[in-house]
Amino acid sequence: MGMRFALIAAALCALAAPAWAQGRLETPAGGVRLELVAGWDRPVLRVQSDGSGAIGAGEVTGGKSGVSYGGEIGYDVATSASTFVGGYAGVAGSTAAFCTAPSAILQSCLDAGRNLTLGLRAGLMSRGVAFYAKGGWSNAQINAETRSSLVPAFNAAGSDTLDGFHVGLGLQARLPGRAYAKLEYVFTNYNGYEYVVGGSRIKADFDRHQISGGLGVRF
């Protein structure tokens, strides 16, 4: 009787294993992934003055929308039949830029350069669809340029980089074969600047809002 029970149990396990494995393969998680992403990008600059000097206390906030584009590479591990964790690294550019009104005397422009990301994500998955949260380190480049046709000495250009952190939420769905599609929102906060102008302490902070879609493939 004991031997018969063992044989039946072994047979059931053998039959169930392929179905279980197939179910795991149908989930969005597991292995190396490579994707292209694009979407809406809105960098926001917030400038504050403490009013301790010649510049009065106050705050000015402004943003400019553009299109972000880039790619991401990652690696996911299924921690159960319905959960996964993974890491990723990405690089993206943006068309977001702000320029003052054209002038023969002086025109200034700020534009968003490349943005690097490195982080972790974790989520839940069911029937080929995953919901995940992500977060990690960001590094953005900001380009600045001043132009003057009247005073050539004012012509100048430069760039700087800002470190920060990002958090986001996303949905990912399996497509035929090894392909998948995703939609996500990401908020980024970058380290700002502090400086003194006319005795007033000025603080400049940079944030970023992004809604993007992506198409990827697993290997």
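Structural data are supplied above this passage.
Residues numbered from 1 in each chain as written. Predicted model: local features only at pLDDT ≥ 70, side-chain atom pairs only at ≥ 80, totals over all residues. Heavy atoms only, no water.

A.B. asks: Go over the overall build of the protein chain, please, and point to the residues and values.
C.D. replies: Within the protein chain, the regular secondary structure consists of one helix and ten strands. Its helices and strands in sequence order give the protein chain the pattern α-β-β-β-β-β-β-β-β-β-β, from N to C terminus. Within the span of the protein chain, comprising 219 residues, buried residues form 31% of the whole. (Helix = DSSP H or I, 4+ residues; strand = E, 2+ residues; numbered from the N terminus. Buried < 20%, exposed > 50% of the residue type's maximum accessible area, 1.4 Å probe, protein only.)

A.B. asks: Give a description of a nonpolar patch on the surface that names residues and reports values.
C.D. replies: Together, V32, L34, I73, Y75, V77, V85, V217 and F219 line one region of the surface with nonpolar side chains, adding up to about 690 Å² of accessible area. Elements with a contribution of two residues or more to the nonpolar patch: β1 (31-49) and β3 (66-78). The biggest single contributor to the nonpolar patch is β3, with three residues. A relative accessible area of 33% means that V32 is categorised as partly exposed. (Patch = residues over 30% accessible without salt bridge, like charges linked within 9 Å, V, L, I, M, F, W, Y side chains within 5 Å. Areas by Shrake-Rupley, 256 points an atom, 1.4 Å probe, with all protein chains shown as cover. Salt bridge = Lys/Arg side-chain N within 4 Å of Asp/Glu carboxyl O.)

A.B. asks: Hey, could you go over the packing of aromatic side chains for me, with residue numbers and the actual values?
C.D. replies: In this structure the tally under the stated criterion is zero aromatic pairs. Note that R121 overlies the ring of Y132, its terminal NZ or CZ placed 4.6 Å from the centroid. Above the plane of the ring of Y88 lies K134, whose end atom (NZ or CZ) is 4.4 Å from the centre. (Phe/Tyr/Trp six-rings, centres within 6.5 Å; stacked < 30°, edge-to-face > 60°. Lys NZ or Arg CZ within 6 Å of the ring centre and 35° of its normal.)

A.B. asks: Tell me what's going on with the environment of G93, and back it up with residues and numbers.
C.D. replies: With respect to the helices and strands, the residue G93 is situated in strand β4 (residues 83-94). Taking relative accessible area as the criterion, G93 reaches 15% and is therefore assigned buried. Considered as a pair, G93 and N115 are 22 residues apart in the sequence and their alpha carbons are 6.2 Å apart. Setting aside chain neighbours within four positions, we find G93 in contact with V67, S68, Y69, G113 and R114. (Contact = heavy atoms within 4.5 Å.)

A.B. asks: Quick one: what's the story with the side chain of R218, residue by residue and with numbers?
C.D. replies: For R218, the location among the structural elements is in strand β10 (residues 200-218). Looking at R218, the relative accessible area reads 9%, which means it is buried. Among the polar contacts listed, one links the side chain of R218 to the side chain of D76, at a separation of 2.9 Å. (Polar contact = N/O pair within 3.5 Å; in protein donor to acceptor, adjacent residues only side chain to side chain.)

A.B. asks: How would you sum up unusual backbone geometry? Please name residues and give values.
C.D. replies: Its identity is not glycine, yet R127 carries a phi of approximately 50 degrees, on the positive side. Mapped onto the secondary structure, R127 falls in the loop between β6 (107-126) and β7 (129-147).

A.B. asks: Requested: an account of the pairing of β4, with residues and values cited.
C.D. replies: Bridging between β3 and β4 involves eleven bridges; their strand directions are antiparallel. Residue pairing for β4: Y69 is matched across the bridge by G93. The antiparallel pairing of β3 with β4 creates a hairpin that spans four residues between the two strands. (Pairing = 2+ DSSP bridges.)

A.B. asks: Residue-level account of the side chain of R33, with values.
C.D. replies: Tracing the backbone shows R33 in strand β1. Only 3.0 Å separates the side chain of R33 from the side chain of E35, close enough to count as a polar contact. Here R33 is in contact with E72, I73, G74, D76, G87, Y88, R121, Y180, V217 and R218, once residues within four sequence places are set aside.

A.B. asks: Break down the pattern of salt bridges for me, with residues and values.
C.D. replies: Proximity of charged atoms lets side chains of opposite charge pair with each other. Enumeration according to the criterion identifies eleven salt bridges in this entry. Notably, a salt bridge pairs E35 with K182, separated by 2.3 Å at the nearest N-O pair. Highlighted residues: E35 in strand β1 and K182 in strand β9 (residues 179-197), separated in sequence by 147 residues. Of the charged contacts, one joins E72 and K182 as a salt bridge, the two residues approaching to 3.7 Å between their closest N and O atoms. Placement of E72 in strand β3 and of K182 in strand β9 is noted, with a sequence separation of 110 residues between them. Across this residue pair, the class does not change: E72 and K182 are buried. Among the ionic contacts, a cluster of salt bridges with common partners joins R33, E35, E72, D76, R121, K134, K182, E184 and R218.

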